[in-house]
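Report on the structure
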Amino acid sequence: MTSVTLNPQVHGIFDSATWTVTYVVHQGPGSAAAIIDSVLDYDPKSGRTRTTSADQLIDYVKAQDLQVQWILETHAHADHLSAAPYLRQQLGGQIGIGDQITRVQKVFKGIFNLEPEFRLDGSQFDVLLKDGQEFAIGDLTARVLAVPGHTPACVAYQVGDAVFVGDTLFMPDVGTARCDFPGGDAKTLYASVKKLLSLPPETRLFMCHDYPPAGRPVAFETTVAEQRAKNIHVHEGISEAEFVAMRTQRDATLEMPVLILPAVQINIRAGQMPPKEANGTDYVKIPINAL
Ligand SMILES: [Fe+2]
């Protein structure tokens, strides 16, 4: 278990179009690596995708001579498309996500009335990861932490002293993720946050997003100690009831993310596009008054 104590190198790339941070976790030049929460650029006005962000990531991986073993998702994102299939094609590695993704697939297969062949067993992904499961990234040991609440399938990845929290916590001055998507639940998120904040105080926490208040530069790394002391939604002393009341009230004021409809349809397919229609084009659907 000595590898658990290793402190990996973490490289974060912020995507200003979707406020998302993609991470590469590794042990230095020439080592094995995992990519967490990649972004495929998507323009909702034209329906066009681009790989500018993914190519920037690939440039970093190649410059560091990293061997990508894993392309991980913390959850089926609603605010950006995953570049996982493109990255796997370019760099290798296996696409992994939490095993509860099957619950999310079931909900959205219904909402989008997806083709009968759409599988609800998560087999679009290479590996489904269970709560507590450990897996290797070269000499590093990674551990899966189920952190449902924002979605029922959210997981965090613990690698040495670094934890990639997905959409559970944001930076202390931003708070926590919304819980009003299908299958989301504020009480469940509170429990997941407490689970993360019970880790050692010096644990490094890496956010999946940053929405910096005016005047603050983008930031996406903090610690358990800092979150416990300063997180505006869940610092020590805030009860479950207080959190649920705040979260529920706040979620009622939030608009849907701009990309939720295309993002969900593509991300529950591990980043693959829906089956091409007879004319050779991929389409996503817009359900009217269903979300
Ligand atoms: Fe999310």
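To keep things clear, this report deals only with the structure shown in the data block. Sequence order sets the numbering: in each chain, residues are counted from 1 along the sequence as written. Restriction of local features to residues with pLDDT of at least 70 applies here, the model being predicted, together with a cutoff of 80 or more for giving and counting side-chain atom pairs; totals for whole chains, interfaces and linings are based on all residues. Heavy atoms from the whole structure form the basis of all side-chain values; hydrogens and water molecules are not counted.

1. Here we look at the coordination of the iron ion
What counts is decided by this rule: For Na, K and Ca the donor cutoff is 3.2 Å, while for all other metals N, O and S atoms count as donors only within 2.8 Å; water does not appear among the atoms, so some sites may look incomplete. In this description a helix means any DSSP run of H or I spanning at least four residues, a strand means any run of E spanning at least two, and both kinds are numbered starting from the N terminus. For each residue, the accessible area found with a 1.4 Å probe, counting protein chains only, is set against the maximum for its type, and the residue is called buried under 20%, exposed over 50%, and partly exposed in between.
Here the iron ion is held by H75 (NE2), H150 (NE2) and D167 (OD), and the distances to it run 2.1 to 2.4 Å. Donor residues binding the iron ion come from one chain and are separated in sequence as H-x74-H-x16-D. Taken together, the residues span a long stretch of sequence, with H75 in the loop between β6 (67-72) and α2 (84-91) and D167 in the loop between β12 (162-166) and α4 (186-196) at a distance of 92 residues. For the pair formed by H75 and D167, the shared burial category is buried.

2. Let's talk about the sheet that holds strand β10 (residues 140-146)
Note the threshold: Strands are labelled as partners when DSSP assigns at least two bridges between them. Note on geometry: axes are lines fitted to C-alpha atoms, helical ones only across the stretch in contact, with angles between N-to-C directions running from 0 to 180 degrees.
Spatially, β9-β10-β11-β12-β13-β14 is the arrangement adopted by the six strands of the open sheet, whose pairing is mixed. Strands at the two margins of the open sheet, each flanked by one partner only, are β9 (134-137) and β14 (221-223). Each neighbouring strand pair of the sheet contributes to a mean axis angle of 30 degrees, computed without reference to strand direction. Pairing analysis gives five bridges linking β10 to strand β11 (residues 155-159), with the strands arranged antiparallel. In the strand pairing of β11, A142 is matched with V159.

3. Overview of the pairing of β10
For β10, the buried fraction is high: five of the seven residues fall into the buried class. In this sheet, β10 lies alongside β9 in antiparallel orientation, the contact comprising four bridges. By the bridge assignment for β10, I137 is matched with L140. In this antiparallel pair of consecutive strands, β9 and β10, the connection spans two residues, and G138 shows a positive phi of 60 degrees.

4. Regarding the layout of surface pockets
The test is simple: Detection works on a 1 Å grid of protein atoms alone, calling trapped sets that fit a 1.4 Å probe cavities and calling open sets with protein on both sides within 12 Å along at least five of seven lines pockets, with lining residues defined by an atom within 4 Å of a point. Grid points are joined across faces, edges and corners, and a volume is the space filled by probe spheres set on the points. Residues were grouped as follows: Ala, Val, Leu, Ile, Met, Phe, Trp, Tyr, Cys and Pro as nonpolar; Asp, Glu, Lys and Arg as charged; and all remaining residues, including Gly, as polar.
By volume, the largest pocket is sized at about 650 Å³. For the lining of the largest pocket, the secondary structure elements donating two or more residues are β4 (41-43) and α6 (240-251). Counted as a void, the second largest pocket has a volume near 300 Å³. Put simply, the parts of the chain that give the lining of the second largest pocket at least two residues each are β5 (48-50) and α7 (260-267). Here the residues of the lining of the second largest pocket are counted per class, giving nine nonpolar, four polar and three charged.

5. Let's talk about the pairing of strand β13 (residues 204-207)
To keep things clear, this is the line we draw: Note on handedness: a crossover is taken as right-handed if, strands pointing away from the viewer, the path from the first strand over the helix to the second is clockwise.
The side-chain alternation of β13 yields two buried faces, one formed by R204 and F206 and the other by L205 and M207. When β12 meets β13, the two strands line up parallel, connected through four bridges. Across the sheet, residue A162 finds its bridge partner in β13, namely R204. For the segment spanning β12, α4 and β13, crossover handedness is right-handed. Of the pairings in the sheet, the one linking β13 to β14 comprises three bridges and is antiparallel in character. From the neighbouring strand, R204 faces β14, where its bridge partner is T223.

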